[in-house]
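Letter by letter, the chains look like this.
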Amino acid sequence: MFWQKEIETQNKENLRKFQLECINKQIALARNSQFYKDKLANIDKLNSLEEVRKLPFTTKQDLRDSFPYGCLATDLKNVVRMHSSSGTTGNPTVIFHTKDDIANWANISARSMYMAGARNTDIFQNTMGYGLFSGGLGFHYGGERLGMLTIPIGPGNSKRQLWFMQHFKTTVVHILPSYALRLSGTIKELGIDVKKDLNLKIFFIGAEPHSEAMRKKIEELYDVKAFNSYGLSEISGPGIAFECPYQDGLHIWEDYVYPEIVDSKTFEPLPDGQEGELVLTTLQRQAMPLMRYRTKDLTKIISEPCKCGRTHRRIARITARTDDMMIINGVNIFPIQIEKTILSVPEAGKNYIIELFDNNCMDKLRVKIEINNETFKGTLKDLEILQNKLVNELKQELDVTPVVQFVESGSLPVTEGKAKRVIDLRTKK
Ligand code: DLL
């Protein structure tokens with residue numbers, strides 16, 4: 001049993017009081033770090049949550065600049081683990097944890113999984129990467145905490161994944177949405193019948209932006225319920241916000257983080273219901289408290305009560321990151337808009353990449369899509385019709401006319417980690 005009723009349905013007033021107390025303690029603790037020592041020097045105790053806006057923002061660049069130990073707020077002897085956030089340039093972002101941090105993270109992960117229906121009788125196959133990435137170890141500890149038989153298989157080797165699923169009768173899987181789609185290709189290749197040959201029940205999908213259409217596709221391909229899982233390594237990892245059985249937004253664990261939404265240009269706080277950048281302040285972190293961390297993820301807070309009875313507010317599906325936005329001849333486009341359109345055309349395959357290039361000083365957008373051999377049986381002429389259909393639908397969605405190019409199924413590059421969907425080939429970016 002892992003339903004933490006007193007916390008999850010706590011009355012809002014008490015929850016807000018608890019958050020304020022926690023933030024004040026986090027400020028005091030953060031002052032021990034090199035990074036926050038001066039930044040928080042003039043901040044007195046906050047008297048209300050509205051005063052949170054007096055706190056400075058923290059960015060990924062700040063974490064990079066204070067590499068390696070500048071944000072550490074405790075003695076090294078208390079630190080038991082580090083993770084490092086994804087990122088390609090400059091110093092990596094490193095995140096430290098004490099024993100209590102790991103225990104709290106395991107607790108919210110277990111709580112999230114239980115909320116989605118996982119129980120200690122389940123067999124949990126964790127296909128997320130183990131190591132510096134927080135996806136694998138984060139839910140590994142959560143799975144064990146919940147009492148599930150937790151299989152630390154990690155990513156890749158699709159045949160082996162399926163062999164494990166068949167032999168150990170896996171019921172719960174933690175997986176990247178892009179990998180879930182790829183793995184389904186191997187299921188077809190091996191002639192596995194998901195209903196007869198596998199025992200799957202629940203998927204936790206996250207770490208990458210994905211559309212509702214993508215979730216539906218995964219649910220249909222595996223005959224499971226797929227729950228959206230949001231998190232970021234800087235705050236801990238998966239388990240920060242998670243869907244309940246109503247699958248209508250993700251409950252953000254407000255005893256663990258204090259969420260705000262700010263305008264992504266002015267950084268002014270926005271009211272619940274308005275979309276902007278998610279900003280998180282940690283409430284219980286020991287090794288590395290973070291003040292108003294700018295996630296760059298775009299979402300909104302849903303404050304209406306949820307049918308499940310939990311009082312922790314929800315965030316809407318993350319539609320994009322502020323730095324994911326592509327500007328094509330002045331028009332703003334997010335990759336998720338392209339994914340949604342591709343998945344609405346069954347003959348198109350599910351794997352795609354977006355290339356940006358220039359042609360006569362104009363930005364151009366090319367979408368390379370793997371053809372779906374199962375659903376497309378037509379002639380070259382039919383392929384042309386399908387291509388025109390996709391160009392038109394994408395044009396309607398994006399307000400930009402793309403080039404659509406079909407490629408053979410399985411020919412697009414695959415990565416073991418998060419999918420890289422956008423390749424910018426423009427000379428002047
Ligand atoms: O991706 C943590 C995680 C692991 C979450 C497994 C869920 C499952 P990072 O590598 O630090 O940590 O990347 C964090 O990934 O700021 C978002 O931009 C994106 N992201 C994470 N979950 C989702 C999601 C992990 N459910 C960054 N939907 C975040 C959309 C997501 N984007």
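Refer to the structure presented above.
On a predicted model such as this, the values are computed, not experimentally measured, just so you know. (Residues numbered from 1 in each chain as written. Predicted model: local features only at pLDDT ≥ 70, side-chain atom pairs only at ≥ 80, totals over all residues. Heavy atoms only, no water.)

Let's talk about empty space enclosed by the protein
Okay, so step 1: If you walk through the whole model with that rule in mind, you get one cavity of 30 Å³ or more.
Okay, so step 2: A volume near 40 Å³ is recorded for the largest cavity.
Okay, so step 3: In terms of lining, the largest cavity is formed by L63, S66, F67, P68, Y69, G70, C71, L72, V94, F96 and M288.
Okay, so step 4: Along the lines of polarity and charge, the residues of the lining of the largest cavity split into nine nonpolar, two polar and no charged. (1 Å grid on protein atoms, 1.4 Å probe; cavity = no way out; pocket = protein on both sides within 12 Å on 5 of 7 lines; lining within 4 Å. Points joined across faces, edges and corners; volume = space filled by probe spheres on them. Nonpolar A, V, L, I, M, F, W, Y, C, P; charged D, E, K, R; others polar.)

Some words on the pattern of salt bridges
Okay, so step 1: All told, the structure shown has 26 salt bridges when counted by the stated rule.
Okay, so step 2: We note a salt bridge from E220 to K217, for which the minimum N-O separation is 3.8 Å. Of the two residues, E220 and K217 both sit in helix α10 (residues 212–222), three residues apart, roughly one turn of that helix. (Salt bridge = Lys/Arg side-chain N within 4 Å of Asp/Glu carboxyl O. Helix = DSSP H or I, 4+ residues; strand = E, 2+ residues; numbered from the N terminus.)

Some points on helix α6 (residues 134–146)
Okay, so step 1: When the terminal C-alpha atoms of α6 are compared, their 18 Å separation across 13 residues agrees well with the 18 Å that a helix rising 1.5 Å per residue should span.
Okay, so step 2: Of the positions making up α6, those classed as buried are S134, G135, G136, G138, F139, H140, G142, G143 and L146.
Okay, so step 3: In the segment just after α6, G147 is the residue with positive phi, at about 95°. (Expected span 1.5 Å × (residues − 1). Buried < 20%, exposed > 50% of the residue type's maximum accessible area, 1.4 Å probe, protein only.)

Looking at the layout of surface pockets
Okay, so step 1: Here the second largest pocket defines a volume of roughly 650 Å³.
Okay, so step 2: L181, R182, N351, E370 and G410 are the residues nearest the centre of the second largest pocket, which is lined by 27 residues in total.
Okay, so step 3: Sorting the residues of the lining of the second largest pocket by element identifies α8 (177–189), β18 (348–359) and β19 (362–371) as the ones contributing at least two each.
Okay, so step 4: No other element matches α8, which puts seven residues into the lining of the second largest pocket.
Okay, so step 5: Two domains each put at least three residues into the lining of the second largest pocket: domain 1 (97–321) and domain 2 (325–424). (Domains from an automatic or database assignment.)

Section: the sheet that holds strand β10 (residues 257–262)
Okay, so step 1: The sheet built from four strands is open, its strands ordered β10-β11-β12-β15 with antiparallel pairing. Edge positions in the sheet fall to β10 and β15 (320–321), since each has one partner strand and no second.
Okay, so step 2: As paired strands, strand β11 (residues 276–282) and strand β12 (residues 293–299) are joined by four bridges and run antiparallel to one another. If you follow G276 over to β12, its bridge partner there is T299. (Pairing = 2+ DSSP bridges.)

Side note on helix α5 (residues 99–115)
Okay, so step 1: The terminal C-alpha atoms of α5, which comprises 17 residues, lie 24 Å apart, in line with the 24 Å expected from a rise of 1.5 Å per residue.
Okay, so step 2: Counting buried positions along α5 gives 13 out of 17 residues, so the element sits mostly inside the fold.
Okay, so step 3: Just downstream of α5, G117 is the residue with a positive phi angle, here 115°.

A look at the site of the ligand
Okay, so step 1: As a structural note, the neighbourhood of the ligand is formed by 23 residues, with N228, S229, S233, D297 and K418 the closest of them.
Okay, so step 2: In the model, a nitrogen atom of the ligand is placed 3.4 Å from a nitrogen or oxygen of the E208 main chain.
Okay, so step 3: In isolation the ligand has 610 Å² of accessible area, and contact with the protein removes 96% of it.
Okay, so step 4: For the shell around the ligand, the secondary structure elements donating two or more residues are α6 and β7 (225–231).
Okay, so step 5: The leading source of residues in the shell around the ligand is β7, at four residues. (Near = heavy atom within 4 Å. Polar contact = N/O pair within 3.5 Å; in protein donor to acceptor, adjacent residues only side chain to side chain. Areas by Shrake-Rupley, 256 points an atom, 1.4 Å probe, with all protein chains shown as cover.)

Let's talk about the nonpolar core
Okay, so step 1: By size, the foremost hydrophobic cluster in this structure holds 65 residues, and its most contacted members are I23, L55, F204, I235 and I315.
Okay, so step 2: It is α5 that provides the largest number of residues to this core, a total of seven residues.
Okay, so step 3: In contact with F204, other than residues within four places in its own chain, are M113, A116, A118, F124, F139, V172, V173, H174, I175, F227 and F242.
Okay, so step 4: If you look at the next biggest cluster of nonpolar residues, it comprises 24 residues, including L162, L183, L198 and Y222. (Core = buried A, V, L, I, M, F, W, Y, C linked by side-chain atoms within 4.5 Å. Contact = heavy atoms within 4.5 Å.)

A look at the packing of helix α11 (residues 335–343) against helix α12 (residues 380–398)
Okay, so step 1: Axis separation between α11 and α12 bottoms out at 10 Å; the angle between their running directions is 140°. With respect to the hand of their crossing, α11 and α12 are arranged in right-handed fashion. Residues Q337, I338, K340, T341 and I342 of α11 touch α12, and the partners they reach there are L390, E393, L394, E397 and L398.
Okay, so step 2: For the contact of α11 with α12, the residue count by class is five nonpolar, two polar and three charged. (Axes fitted to C-alpha atoms, helices over the stretch in contact; angles between N-to-C directions. Left-handed = near helix turned anticlockwise from the far one by under 90°.)

Keep in mind these numbers describe shape, not what the thing actually does.
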